[in-house]
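Observations on chain architecture
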Amino acid sequence: EFAAEAFHLARDNDPHATLVLNEFGFETVNEFGDRPEPRRRNALKIIDELQRQNVPLDAFGVQGHLQADRFKQRFDTKAYRRFLAEIADRGLDILITELDVLDDGLPANVRVRDAAIADVYERYLDTVLTEPAVKSIMPFGLSDRYTWLQEDFPREDGAERRPLPYDSDLNKKPAYWELRESLRQA
């Protein structure tokens with residue numbers, strides 16, 4: 001009830017605002033062993049219920065907090081595309097929000113880590129950008145200097161986190177080039 005009321009109040013106060021339901025955890029099995037399919041089904045049920053109640057909803061935000069150490073083996077591109085298509089079938093735009101890549105499980109070597117992180121960006125973006133309803137990609141910051149991951153989840157080996165397109169000195173990293181190329185191809 002709270003969410004429905006909030007969306008109605010938002011529409012009443014700003015009829016031109018894009019109203020977005022934003023959630024996370026749809027990509028891979030998480031650190032607790034939870035599979036993404038139940039989260040996907042539940043998200044679709046919530047969308048369906050809000051739409052059944054005529055709650056104003058314009059878009060669905062998919063937080064892209066990706067985990068490099070499990071992404072390659074555990075990201076099912078076909079299932080993820082189906083999930084995005086099901087959101088689109090409900091008439092909603094899709095916004096990829098908070099895009100970053102957690103580098104746990106990767107070696108401290110910067111070149112190796114950056115290459116692996118760029119590969120995650122490439123695989124993910126090449127998947128999501130096939131869905132025409134995806135209207136935007138928003139990294140969760142641009143520079144590693146300001147990443148929330150460094151503060152909230154420092155690496156056990158003490159190495160600086162490198163989840164974003166620019167390093168701490170604002171130099172472009174391989175993730176930048178993958179992001180740029182994926183958007184160019186889309």
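Okay, so let's go over this structure.

Parameters at a glance
Residues numbered from 1 in each chain as written. Predicted model: local features only at pLDDT ≥ 70, side-chain atom pairs only at ≥ 80, totals over all residues. Heavy atoms only, no water. Salt bridge = Lys/Arg side-chain N within 4 Å of Asp/Glu carboxyl O. Helix = DSSP H or I, 4+ residues; strand = E, 2+ residues; numbered from the N terminus. Buried < 20%, exposed > 50% of the residue type's maximum accessible area, 1.4 Å probe, protein only. Pairing = 2+ DSSP bridges. Right-handed = clockwise from strand over helix to strand, strands pointing away. Axes fitted to C-alpha atoms, helices over the stretch in contact; angles between N-to-C directions. Parallel < 35°, antiparallel > 145°, perpendicular 65-115°, else oblique. Contact = heavy atoms within 4.5 Å. Nonpolar A, V, L, I, M, F, W, Y, C, P; charged D, E, K, R; others polar.

What follows covers the pattern of salt bridges. This structure, assessed with the given rule, holds 14 salt bridges. The salt bridge partner of Arg 11 is Asp 58, with a shortest N-O separation of 2.9 Å. Residue Arg 11 is located in helix H1 (residues 2-13), and its partner Asp 58 is located in the loop between helix H2 (36-52) and strand S2 (59-67); the two are separated by 47 residues in the primary sequence. Residue classification places Asp 58 among the partly exposed positions, given a relative accessible area of 24%.

In this section: the pairing of strand S4 (residues 134-139). Here strand S3 (residues 93-102) pairs with S4 via 4 bridges, running parallel. By the bridge assignment for S4, Leu 95 is matched with Ser 136. Tracing the backbone out of S3, into helix H5 (residues 110-128) and back to the parallel element S4 gives a crossover that is right-handed.

Time to look at unusual backbone geometry. A positive phi angle, close to 60°, is found at Asn 54, a residue other than glycine. One can find Asn 54 in the loop between H2 and S2. On the accessibility criterion, Asn 54 (62% relative accessible area) is exposed. Of note, Glu 98 is a non-glycine position whose phi angle comes to about 55°, a positive value. Locating Glu 98 in the fold gives a position in strand S3. Glu 98 sits in the buried class, given a relative accessible area of 19%.

Two numbers describe how H2 lies on helix H4 (residues 77-89): the axes approach to 11 Å, and their chain directions differ by 5°. Judged by the angle between their axes, H2 and H4 are roughly parallel. The residues of H4 that touch H2, namely those facing Arg 40, Ala 43, Leu 44 and Ile 47, are Ala 79, Tyr 80, Phe 83, Glu 86 and Ile 87. Residues belonging to the contact of H2 with H4 are distributed by class as follows: 7 nonpolar, no polar and 2 charged.

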